[in-house]
Structures are given as structure tokens and as C-alpha cells.
Amino acid sequence: MDKLDIHQLLSEHFMLSEFIRSHTADNLHINNTPDEGIIENLRKLCTCILEPTRIMLKESIIVTSGYRCKLLNKRIGGVGKSQHLSGKAADLHIRSKEYAVKLWQILMTNNHVDQLLWEHDHRGSEWIHVSYSDHPRHFIDQNFKANATINKTLD
């Protein structure tokens, strides 16, 4: 197998490295390398949802969690059927309330969105979770309580 180019662009503004980096994986020496099928899912997530959103937003979007291998997902307390496991989901950093509202409103209008969750945990951390599907359910929840064990600092 050829060496994975983590700097490859998935769309004009999003790079593979943004979706596979994880401090937890680094600290625990977990190999969080996606296969080609997962990379293709990440590409669809970018081209169908994140790239159009970034263009409309006219601001950068910071991905705090993208693809997670099974071991990494388990170690951070992710759910067993998480769309992060297949490269179809991303958690997005909220830099301000105004930014988050604007980001949320744009994402709500995207027909490719499968799940859109404004998540929060017991510590008061907030982030926006968005996922892609070929057959989107358009499930939207603006007050989603995340699993209390998930660490959302770039995992």
C-alpha cells in the first residue's frame, strides 16, 4: 500500500489531516489511519456539506473530531454506531455564539445533512456535530446532551 498523504485535499478548503488528527490517539499510540473507503466518505462530507457551508459562511471551519477508528472511538467514550467510525461525521468548533448560530443556520438548509446536533456536555463545552449520508434523515437537535466521557478538545 502506498504511504497515505495526510495533506491531500478533500475539497478546496479541507485537508485529510484535519479529520484524522487526535491528541488521544497520539498519546495512546493508536493508529487512526483511514482506508480508501473512509477517505471517500470524508471527501463526500467535505464536498457536499462542509465546503458549501464554508463558502456561504465566508469564515473558516475548525474540525475538532472527524474519523475515529474503533479503538479511538472506544477510548474517548464514543457511541458504538458513531458515524465518525465510517468517516461520515465531523464535530465543529464553536468560536462564538454569533458564529455558531450562523453556522447552524447554514447547515440546517443543506439537503445532504443526515444529523445536525448542537452538542454539549456536563462541563459546559459545546460543539456542532454534522454528518453525511447518501440517504439523509435530516435529524436535527439543537440541545443534544453528549456522552459525558467524551473529550472534545481536538479528538
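Nothing here was measured: the structure is a model prediction, and the numbers come from that model. Starting from 1, residues in each chain are numbered consecutively following that chain's sequence as written. Where local features are concerned, this predicted model is filtered to residues with pLDDT of at least 70; where side-chain atom pairs are given and counted, the filter is 80 or more; whole-chain, interface and lining totals use all residues. The side-chain values count all of the structure's non-hydrogen atoms but skip hydrogen atoms and water molecules.

(A) Expanded view of the overall build of the protein. Of the regular secondary structure elements, the protein holds 5 helices and 5 strands. For the purposes of this entry, the term helix denotes a DSSP run of H or I that reaches at least four residues, the term strand denotes a run of E that reaches at least two, and both are numbered from the N terminus. For the protein, the N- to C-terminal ordering of α and β elements is α-α-α-β-α-β-α-β-β-β. Note on method: radius of gyration uses C-alpha positions; expected globular size equals 2.2 Å times residues raised to 0.38. The C-alpha radius of gyration of the protein comes to 14 Å, within 12% of the 15 Å expected for a compact globule of 155 residues. Taken along the three principal axes of its C-alpha coordinates, the protein extends 40 × 35 × 30 Å. A separation threshold of at least 6 residues defines the contact pool for the protein, and within that pool the share at least 24 residues apart is 67%. Should any heavy atoms of two residues lie within 4.5 Å, those residues are counted as being in contact.

(B) Broad picture of helix α3 (residues 36-57). Here α3 is 22 residues long and its end C-alpha atoms lie 29 Å apart, about the 32 Å a rise of 1.5 Å per residue gives. At Cys46, α3 shows its maximal kink, close to 40°. Among the structural elements, α1 (16-20), β2 (89-93), α5 (97-108), β3 (113-120) and β4 (126-132) are those in contact with the buried residues of α3. Downstream of α3 by a residue or two, Lys58 has a phi angle that is positive, lying close to 60°. A helix is expected to reach a length of 1.5 Å times the quantity of its residues less one. Think of it this way: the bend at a residue is just the angle between two axes, each fitted to seven residues, one set ending at that residue and the other starting at it.

(C) Inspection of the environment of Gly37 at higher detail. Summarising the element assignment, Gly37 is placed in helix α3. The spatial distance from the C-alpha of Gly37 to the C-alpha of Ser86 is 8.2 Å, given a sequence separation of 49 residues.

(D) Structural context of the nonpolar core. Among the nonpolar cores identified, the biggest contains 37 residues, and Phe19, Ile49, Leu50 and Leu92 are the most heavily contacted of them. When contributions to this core are tallied by element, the ones reaching two or more residues are α1, α3, β2, α5, β3 and β4. In this view, Leu92 contacts Leu50, Ile61, Ile62, Val63, Thr64, Leu103, Leu107, Trp127, Ile128 and Val130; residues no more than four positions away in its chain are not counted. Put simply, a nonpolar core is a bunch of buried Ala, Val, Leu, Ile, Met, Phe, Trp, Tyr and Cys residues held in one set by side-chain atoms that sit within 4.5 Å of each other. Between buried and exposed lies partly exposed: a residue is buried under 20% and exposed over 50% of the maximum accessible area for its type, with that area taken using a 1.4 Å probe on protein chains only.

(E) Just the packing of aromatic side chains, in detail. A pair of aromatic rings is counted whenever rings of Phe, Tyr or Trp (Trp by its six-membered ring) have centres within 6.5 Å, and the orientation is called stacked for planes under 30 degrees apart, edge-to-face for over 60 and tilted otherwise. Counted by the stated rule, this structure contains 2 aromatic pairs. With 5.5 Å between their ring centres and 45° between their planes, Trp104 and Trp118 make a pair best called tilted. Placement of the pair is Trp104 in helix α5 and Trp118 in strand β3, with a sequence separation of 14 residues. Residue Trp104 is classed as buried on the basis of its relative accessible area of 3%. Only when the NZ atom of a Lys or the CZ atom of an Arg is both within 6 Å of the ring centre and within 35 degrees of the ring normal do we say a charge sits over the ring. Its guanidinium or amino end placed over the ring of Tyr99, Arg95 lies 4.0 Å from that ring's centre, counting from NZ or CZ.

(F) Just the confidence of the model for the protein, in detail. Averaged over all residues, the pLDDT of the protein is 91; the fraction at 70 or higher stands at 92%. On a scale of 0 to 100, pLDDT captures the predictor's confidence in every residue. Per-residue pLDDT stays below 50 along residues 148-155; that stretch engages in 29 contacts with residues further than four places along the chain or on separate chains.

(G) Just the pattern of salt bridges, in detail. Think of a salt bridge as a Lys or Arg side-chain nitrogen and an Asp or Glu carboxyl oxygen that are within 4 Å of each other. In total, this model carries 7 salt bridges according to the counting rule given. Lys44 is paired through a salt bridge with Asp134; the nearest N and O atoms lie 3.8 Å apart. Pair noted here: Lys44 is in helix α3 and Asp134 is in the loop between β4 and β5 (139-145), with a separation of 90 residues, a long-range link. For Lys44, a relative accessible area of 25% puts it in the partly exposed group. Among the ionic pairs, Arg68 bridges to Asp91, the shortest N-O distance being 3.3 Å.

(H) Spotlight on the packing of α3 against α5. Simply put, an axis is a line fit to the C-alpha atoms, just over the touching stretch for a helix, and the angle between two N-to-C directions goes from 0 to 180 degrees. Contact geometry for α3 and α5: axes closest at 10 Å, N-to-C directions at 125°. In terms of their interaxial angle, α3 and α5 are classed as oblique. The interaxial crossing formed by α3 with α5 has right-handed handedness. On α5, the residues touching Ile49, Thr53, Met56 and Leu57 of α3 are Tyr99, Lys102, Leu103, Ile106 and Leu107. When grouped by side-chain class, the residues that make up the contact of α3 with α5 number 7 nonpolar, 1 polar and 1 charged. With respect to orientation, any angle under 35 degrees is reported as roughly parallel, any angle over 145 as roughly antiparallel, any angle of 65 to 115 as roughly perpendicular, and every other angle as oblique. Here a crossing is called left-handed whenever its near helix is offset anticlockwise from the far helix by less than a right angle, and right-handed whenever the offset is clockwise. Polarity classes work like this: nonpolar for Ala, Val, Leu, Ile, Met, Phe, Trp, Tyr, Cys and Pro, charged for Asp, Glu, Lys and Arg, and polar for all others, with Gly in that last group.

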